[in-house]
Amino acid sequence: MDQPNHPGEIERLMRLAESGLDVSSRIPELDDLCRDARDHFGTRIAAVTMLTRDLQILKARAGTEIEAVPRHLAFCNVTILSEKVMVVADTLEDPRFRDHPMVTGEPFVRFYAGAPLVYSPDLVLGAFCLTDGKPRTFSLGDRAELTAYAEAAVSILVESLDRPAAVGGRAP
Amino acid sequence: MQTEETVQDGVLVVGVRVPRLEASNAPEFRRTLIERIEAGHQQIVIDLAQVQFIDSSALGALIGAVKRMGALGTIALAAPNGTLSRLLTLTRMDKVFPITETVEDAVAKLAS
Amino acid sequence: MSGDAAASAVAPNARDARFRGARGRLTLRIVLLAILSAFGLGLAGLMVWLGLDRWSDYRLYSHQLRVEETRFALRDSLLAAEQAALDLAVLAYGGEPERDPADDLARAAASLEATLGSLAAADLPGGADIAVAVAEKMARLGTIRVELASTPARDDRELAERAADLRALALDLRSLRMRILRAVGVPDVAMGVVHLFRNYALQVHDTIHANAAAYLSILTGLRTPSAAELTLLSRETTRSRFAAPTFIDLVDADPIMAGTTASDLVDFIESEYIPAEEAILQGIRAGAVSPDTVAGWIAAVRQVDELTRRMLAATDEAARRHLGERLAAEWRALVASLLVSGGVLVAYLLCAALIVRRVVGPLGEMRRTMLRLAEGDLRPVGVLRTPLADLLAMNDALRVFRINAVRRERLQQERLELHARIAAAAREMRADLEAAALVQLSQLPPPGHLGGFRFDTYFRASRLLGGDTFDFFRLSDGRVALFQVDVAGHGAAASLVSVAAHIALRRALDALGPEEGPAQAMEDVNRGWREDLPYFTALAAVLDGRTGEGSLVQAGHPYPVLLGSGAPPARLGEGGVPVGVVPEPGWRDIPFTLRAGERLLVFSDGIYDVQDDTGSIFGEDRFMDLVGRLSALPSEDLIAGIEAALRNWSAADEMFDDISLVVVERV
């Protein structure tokens, strides 16, 4: 899949750098949130992803040990283009993802749902996303709840800014 | 802020169409003037005929514009009324701007 | 389900009370349960009715079987009685009886007894009356048996009388049999046909026995028949042949009777019996009957008897078989109907349970969830266990509503927190500003005497911090220096600039040589003033307390006012460019002299710029007038008067600009 090269991407990366958010260090509360979401939705994987220039980093995750994915393979590339929840009920039915290596090979993703992590009007950090090995439906209630999870994740990220540990990660 | 701009003999005439130039509109006035200068106008006449009152902030705006213009060009003040005239005299602004009784005088002066 | 409903019945009701209108006790749950109950009761009623119907059919056939036993017994006694009658008549004629008539009578008595027994079991309508009649016949039969036992064997007349008695008894038994038949009726067409055959057989049997009795009594010579009687007898004999073809057809067609010997009987009557009887009749008419003819006829009668019995036995067998089959069929139907009813009821109960569990239950749960949400309880919405898409959609919408409520609550919370932080920041900033204002104020000298002059001051910042400042102090050469600064704008930025200007001016004035005037100091400040700092207006003066002579420099600041004794207020100065505007401002010292009691007023343009509510400024002219009017007052009162006048003029209590005023008086 081609990396969406939309005009705001460079700006977004600049804002991400300015935000002072540490994209990779683990935050236990975020992992807890992922586990909670995974149990709630009953999917195989729940993750908080952050999109840097080259990588999609799984800042928090439940159900997988993958830490990062090359940016051009990230499903969340599409999610961050909008403020709405993106749902791919069955990847094999969706021409955008049918031939994706993570669909045709390990981990054989058949279902994806992602809510953008909206940090500020001009900065979407990444996505709160769910994936599963079998197709499923995702109702309006599910979407609303996923959005709430994404918002909770952003709140945790914002709180993490106030911690001394995050100061070292601040951009110049 | 309302201004009225015309070009006469290559001279930009900015007519100020508000009765008061003061702290509330001085920054905008200053921006307007600086935009014109940056757009390449080197001869600017500011028509003050309709201005009743001007405070130190507005005077600052005029001074700022002159500083921006520097040696490249000239900003002239035209047709200040009594109160303005007194202020301009007090602050000896004739050392900073050419000040004329009418717009036409100013245009003639700058165009020459 | 019911336990769950009972447990949750209390709290929702209390909630409902708040949310329902004046009416509306009827809930969907109650309606559904009522409909289900009504429907279930109706269904159960229908099943019971169908079952009872089957049961009554079953009862009918089982009853028929018992009644049939009664009939058999009664008919057996009838046949036995007729048999005995025939044997007695043959005996009277002098022939050989087939059996001992006493045995036949014993058989008849036993059958009658059996009739009574089965009658009790058959439970017939009017069964008691019939039982009485049967008992009476038994008594009569008993009498006949006693009489027969005492009858001499060779007394033909006596024997014939006993035979006639027995025939009469048989006739009674026949009518009794018809009573039973009428009382019970036939259960179906097949049994109707069976009865038809039976009646036919009995009719034939009866006719032949009646004829036999009549012929035997004639042959015995007990009486002489008339011609008419003989014609009647012959007609009786032939009567049975008319019905015969019909019965044969029926026998062939009827599935129950097929294979019986009915046709044998009919054929025999037609081919053997009737010719034999006609031979007897002819013999009687001719007046001579050969014993062989009589013997052949009696044999034919006996053969008819035998065939009749066989046919009846076949008929009985058929009837038993038919009724047995029907009874079994009815039993099967009853069982089947019970099974079907049970199945239907079980299916219904399963459906009802399903509706209750998957519709009524979820509905109630959703109502509870809605009320919970309405009350602001934002715990997660549970997953509904129902297959109904519309309920699922509603529940899904509830989840969305809940998330919306959660987000609204969080936004509210965040807003309040933000407000608190803004308020804290504002407090902090205000504290900073207050501290800064204190510093700014501390720069201002207190009023007092200095080097032969008296200084009175007035200072008012339009905000906490202002762009105005002033100072007066003694120079090293004994002169007194005074300056006042007005930075354009207000607030923290202007105040900081004013502090910078204050320091710069004070330093420059301090550095003046004995022959230098304030213009030199102003030039020094202008030279050192950074290009990117805002300009400011200032006035500086240097005064000599010994002579009262002084000089001042005016840098864009309003003209100071000289209040001479007895003279109108006079403006000093000639104007000047503010500090920080041009590199070569061209300021110069303006000399002046203060005599004892004369005063110099130095002030910022904030005084001129005070506006009334129409927006017109106080202005220089009004100020000069004011000062002229107040010139006789001491400085403190003069300042108070000016302040009062400005306050009067001002539209609001708040002054637009910073105001500062210093009054210097030569003492």
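The rules behind the values
- Residues numbered from 1 in each chain as written.
- Chains lettered and ligands numbered in written order.
- Predicted model: local features only at pLDDT ≥ 70, side-chain atom pairs only at ≥ 80, totals over all residues.
- Heavy atoms only, no water.
- Helix = DSSP H or I, 4+ residues; strand = E, 2+ residues; numbered from the N terminus.
- Rg over C-alpha atoms; globule rule 2.2 N^0.38 Å.
- Buried < 20%, exposed > 50% of the residue type's maximum accessible area, 1.4 Å probe, protein only.
- Contact = heavy atoms within 4.5 Å.
- Areas by Shrake-Rupley, 256 points an atom, 1.4 Å probe, with all protein chains shown as cover.
- Lys, Arg positive; Asp, Glu negative; His and termini not counted.
- Charge placed at Lys NZ, Arg CZ, Asp CG, Glu CD.
- Buried area = accessible area lost by both parts, 1.4 Å probe.
- Salt bridge = Lys/Arg side-chain N within 4 Å of Asp/Glu carboxyl O.
- Polar contact = N/O pair within 3.5 Å; in protein donor to acceptor, adjacent residues only side chain to side chain.
- Nonpolar A, V, L, I, M, F, W, Y, C, P; charged D, E, K, R; others polar.
- Pairing = 2+ DSSP bridges.
- Axes fitted to C-alpha atoms, helices over the stretch in contact; angles between N-to-C directions.
- Domains from an automatic or database assignment.
- Arc of directions from axis to C-beta.
- pLDDT = per-residue confidence, 0-100.
- Core = buried A, V, L, I, M, F, W, Y, C linked by side-chain atoms within 4.5 Å.
- 1 Å grid on protein atoms, 1.4 Å probe; cavity = no way out; pocket = protein on both sides within 12 Å on 5 of 7 lines; lining within 4 Å.
- Points joined across faces, edges and corners; volume = space filled by probe spheres on them.
- Right-handed = clockwise from strand over helix to strand, strands pointing away.

### Quick word on the overall build of chain C
Along chain C, the regular secondary structure elements total 15 helices and 11 strands. Relative to a compact globule of 667 residues, whose C-alpha radius of gyration would be 26 Å, chain C shows 73 Å and is clearly more extended. Taking the principal axes of its C-alpha atoms as reference, chain C extends roughly 210 × 45 × 40 Å. When the 667 residues of chain C are sorted by exposure, 48% land in the buried category. Taking as baseline every contact in chain C between residues at least 6 positions apart, the subset at least 24 positions apart corresponds to 73%. Per element, the accessible surface of chain C, about 31,700 Å² overall, is 59% carbon and sulfur. When the 71 positive and 89 negative side-chain charges of chain C are each reduced to one mean point, those points stand 4 Å apart.

### Focus: the interface of chain C and chain B
Contact with chain C, which involves 26 residues of that partner, is made by 19 residues of chain B. Of the roughly 1,800 Å² buried at the junction of chain C and chain B (both faces included), carbon and sulfur atoms supply 56%. Taken together, the connections running from chain C to chain B amount to 2 salt bridges. Ionic pairing is found between arginine 86 of chain B and aspartate 621 of chain C, a salt bridge with its closest N-O pair at 3.2 Å. Seen at the junction of chain C and chain B, the total is 8 residue pairs in polar contact (both at pLDDT 80 or more). For the side of chain C that touches chain B, the per-class residue count stands at 11 nonpolar, 10 polar and 5 charged.

### Quick notes on the sheet that holds strand β5 (residues 111–120) of chain A
All names here are of chain A. Strand order across the open sheet formed by 6 strands is β3-β2-β1-β6-β5-β4, with antiparallel pairing between neighbours. Each having just a single partner strand, β3 (68–70) and β4 (86–88) make up the two edges of the open sheet. Taking each pair of neighbouring strands and ignoring which way they run, the sheet shows an average axis angle of 25°. Examined bridge by bridge, strand β2 (residues 55–62) and β3 share 3 bridges and lie antiparallel to one another.

### Focus on the domain arrangement of chain C
How big an interface is tends to be stated in terms of the accessible area lost upon association of its parts. What the domain assignment reports for chain C is domain 1 (47–339) and domain 2 (446–666). Computed over C-alpha atoms, the centres of domain 1 of chain C and domain 2 of chain C are 160 Å apart.

### With respect to helix α3 (residues 82–90) of chain B
Taken together, the buried positions of α3 of chain B are Leu84, Leu87, Leu88 and Leu90 of chain B. In an axial view of α3 of chain B, the angular spread of the buried residues amounts to 160°, which keeps them on one side of the axis. Along its buried surface, α3 of chain B packs onto β5 (53–54), α2 (56–69), β6 (74–78) and β7 (99–100) of chain B together with β6 (549–555) of chain C. The N-cap of α3 of chain B, judged by a side-chain oxygen 3.3 Å from the amide nitrogen of threonine 83 of chain B a few residues on, is asparagine 81 of chain B. Among the residues trailing α3 of chain B, arginine 92 of chain B stands out with phi positive, at a value near 55°.

### Observations concerning the confidence of the model for chain B
Predicted confidence across chain B gives a mean pLDDT of 90, with 100% of residues reaching 70 or more. The secondary-structure element of chain B with the lowest mean pLDDT is β5 of chain B, recorded at 86, while strand β4 (residues 43–47) of chain B shows the highest, at 94.

### A word on the pairing of strand β5 (residues 536–543) of chain C
Residues and elements named next belong to chain C. With 8 of 8 residues buried, β5 is to be regarded as a mostly interior element. The alternating pattern of β5 places Phe536, Ala538, Ala540 and Val542 and Thr537, Leu539, Ala541 and Leu543 on opposite faces, both of which are buried. The pairing of strand β4 (residues 480–487) with β5 spans 8 bridges and is antiparallel. Looking at β5, one finds that valine 480 is bridged to leucine 543. Note that β5 and β6 share 5 bridges and pair antiparallel. Paired with valine 542 across the two strands is serine 551, which belongs to β6. Connecting the antiparallel pair β5 and β6 is a turn made up of 5 residues, with glycine 548 showing a positive phi of about 85°.

### Examining the interface of chain C and chain A
Chain C puts 8 residues into the contact, and the matching count from chain A is 12 residues. In this assembly, chain C packs against chain A so that about 820 Å² is buried in total across both faces, 46% of it on carbon and sulfur atoms. By the criterion of area lost to chain A, the three top residues of chain C are Arg399, Ile403 and Arg410 of chain C, representing 53% of everything that side buries. In this structure, the connection of chain C to chain A is made through 5 salt bridges. Here aspartate 142 of chain A ties to arginine 399 of chain C by a salt bridge, and the two come within 2.3 Å at their closest N and O atoms. Where chain C meets chain A, there are 7 residue pairs in polar contact (both at pLDDT 80 or more).

### With respect to the nonpolar core
Formed by 66 residues in total, the largest nonpolar core has its most connected members in Leu141, Leu166, Tyr273, Trp297 and Val304 of chain C. Among the secondary structure elements, those contributing two or more residues to this core are α3 (28–93), α4 (101–122), α5 (127–149), α6 (156–184), α7 (189–220), α8 (227–253), α9 (262–286) and α10 (291–374) of chain C. Sorting elements by how many residues they give to this core places α7 of chain C first, with 13 residues. Discounting residues that sit within four places of it in the chain, tryptophan 297 of chain C has contacts with Ala212, Tyr215, Leu216, Leu219, Tyr273, Ala276, Glu277 and Ile280 of chain C. Of all hydrophobic cores here, the second largest spans 37 residues; its members include Leu12, Phe29, Val51 and Ile63 of chain B.

### Some words on empty space enclosed by the protein
A probe as big as a water molecule, rolled over the atoms, marks out the empty space that is left. Following the criterion strictly, the structure yields 2 cavities of 30 Å³ or more and no others. Lining the largest cavity are 18 residues, with Ile45, Gln56, Leu58, Met102 and Thr131 of chain A positioned closest to its centre. Mapped by element, the contributors of at least two residues to the lining of the largest cavity are β1 (45–51), β2 and β6 (123–132) of chain A. With 3 residues, the top contributor of residues to the lining of the largest cavity is β1 of chain A. When the residues that make up the lining of the largest cavity are grouped by side-chain class, the tally is 14 nonpolar, 4 polar and no charged. For the second largest cavity, the calculated volume is near 70 Å³. Lining the second largest cavity are 12 residues, with Asp55 and Ser56 of chain B together with Gly489, His490 and Asp657 of chain C sitting closest to its centre. Going through the elements one at a time, α2 of chain B together with β4 of chain C are the ones with two or more residues in the lining of the second largest cavity.

### Some remarks on the sheet that holds β4 of chain C
Residues and elements named next belong to chain C. Spatially, β3-β4-β5-β6-β9 is the arrangement adopted by the 5 strands of the open sheet, whose pairing is antiparallel. In this open sheet, the two edge strands, each paired with only one partner strand, are β3 (468–474) and β9 (590–593). For this sheet, the mean inter-axis angle between neighbouring strands, taken without regard to orientation, is 15°. Relative to β9, β6 runs antiparallel, the two sharing 4 bridges. Across the sheet, residue serine 551 finds its bridge partner in β9, namely proline 591. This element, helix α13 (residues 518–528), spans β5 and β6 of the sheet and lies at about 145° to β5.

### Quick look at the pairing of β6 of chain B
Residues and elements named next belong to chain B. With 4 of 5 residues buried, β6 is to be regarded as a mostly interior element. As defined by bridge partners, β4 adjoins β6 across 5 bridges and the pair is classed as parallel. Bridge pairing in β6 places valine 45 opposite alanine 76. On the question of chirality, the crossover connecting β6 to the parallel β7 by way of α3 is right-handed.

### Focus on the environment of leucine 339 of chain C
Residues and elements named next belong to chain C. Within the element layout of this structure, leucine 339 appears in helix α10. The exposure class of leucine 339 is exposed, given its relative accessible area of 61%. The spacing of leucine 339 and glycine 51 is 288 residues in sequence and 9.9 Å in space, taken between C-alpha atoms.

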